[in-house]
Amino acid sequence: MSEPDLSIRVANDLKELAVIAEQVDEFCGQREIAPTIAYQVNLSLDELLTNTISYGYEEGARHEIRIDLSIDGDRLMIRIEDDARQFDLTDSDPNKADTDSGLDDRMPGGLGIFFVHQMMDTVSYRRENNKNVVLLGKKFETE
């Protein structure tokens, strides 16, 4: 990804999710990207970052998470970088998520990644310099 159009740096704190969502909404609004796309991006970021913040770090340790947004033709590209425990969200088959069982019968976990794969057009992962790097792509049309 080239130089980002927007770079957001936040602490590994769930309170930061609202800050990220606000900036994504503003970014999309300024570029006349449909609110439904902004919603899908925000929901994907919320799912991924909640997992990273909740499970990826030692208790109490402060870390920085970086989210970069760029426009590449008719695609919104999102790059998430963190130094949490290694976790490859492309390792499991998102199509095997238990979407048929009732909430009381379903094992916890797995649906967030399933939703991300459903909402985004591209999802990739790599481990680079002891950091997780997730790349998301979403095709859009302007309003």
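Residues numbered from 1 in each chain as written. Predicted model: local features only at pLDDT ≥ 70, side-chain atom pairs only at ≥ 80, totals over all residues. Heavy atoms only, no water.

### Let's talk about the overall build of the chain
Here is step 1 of the chain: Looking only at helices and strands, one finds three helices and five strands in the chain.
Here is step 2 of the chain: When the helices and strands of the chain are read in sequence order from the N terminus, they spell out β-α-α-β-β-α-β-β.
Here is step 3 of the chain: Buried positions account for 41% of the 143 residues belonging to the chain.
Here is step 4 of the chain: Sequence-distant contacts, at least 24 apart, represent 66% of the contacts inside the chain between residues at least 6 apart.
Here is step 5 of the chain: For the chain, the exposed area adds up to about 8,500 Å²; of that, 44% sits on carbon and sulfur atoms. (Helix = DSSP H or I, 4+ residues; strand = E, 2+ residues; numbered from the N terminus. Buried < 20%, exposed > 50% of the residue type's maximum accessible area, 1.4 Å probe, protein only. Contact = heavy atoms within 4.5 Å. Areas by Shrake-Rupley, 256 points an atom, 1.4 Å probe, with all protein chains shown as cover.)

### Examining the side chain of lysine 138
Here is step 1 of the chain: Looking at the secondary structure, you find lysine 138 in strand S5 (residues 131-139).
Here is step 2 of the chain: Buried and without a salt bridge, lysine 138 has aspartate 121 as its closest oppositely charged side chain, separated by 4.2 Å.
Here is step 3 of the chain: A polar contact of 3.1 Å, which involves the side chain of lysine 138, links it to the side chain of glutamine 40.
Here is step 4 of the chain: Those residues in contact with lysine 138 that sit more than four places away from it in its chain are Ile37, Gln40, Asp74, Arg75, Leu76, Met119, Met120 and Asp121. (Lys, Arg positive; Asp, Glu negative; His and termini not counted. Salt bridge = Lys/Arg side-chain N within 4 Å of Asp/Glu carboxyl O. Polar contact = N/O pair within 3.5 Å; in protein donor to acceptor, adjacent residues only side chain to side chain.)

### Quick word on the pattern of salt bridges
Here is step 1 of the chain: Counted by the stated rule, this structure contains nine salt bridges.
Here is step 2 of the chain: The residue lysine 139 makes a salt bridge to aspartate 74 at a minimum N-O spacing of 3.4 Å. Note that lysine 139 is positioned in strand S5 and aspartate 74 in the loop between strand S2 (64-72) and strand S3 (75-82), a separation of 65 residues in sequence.
Here is step 3 of the chain: Judged by relative accessible area, which is 34%, aspartate 74 ranks as partly exposed.

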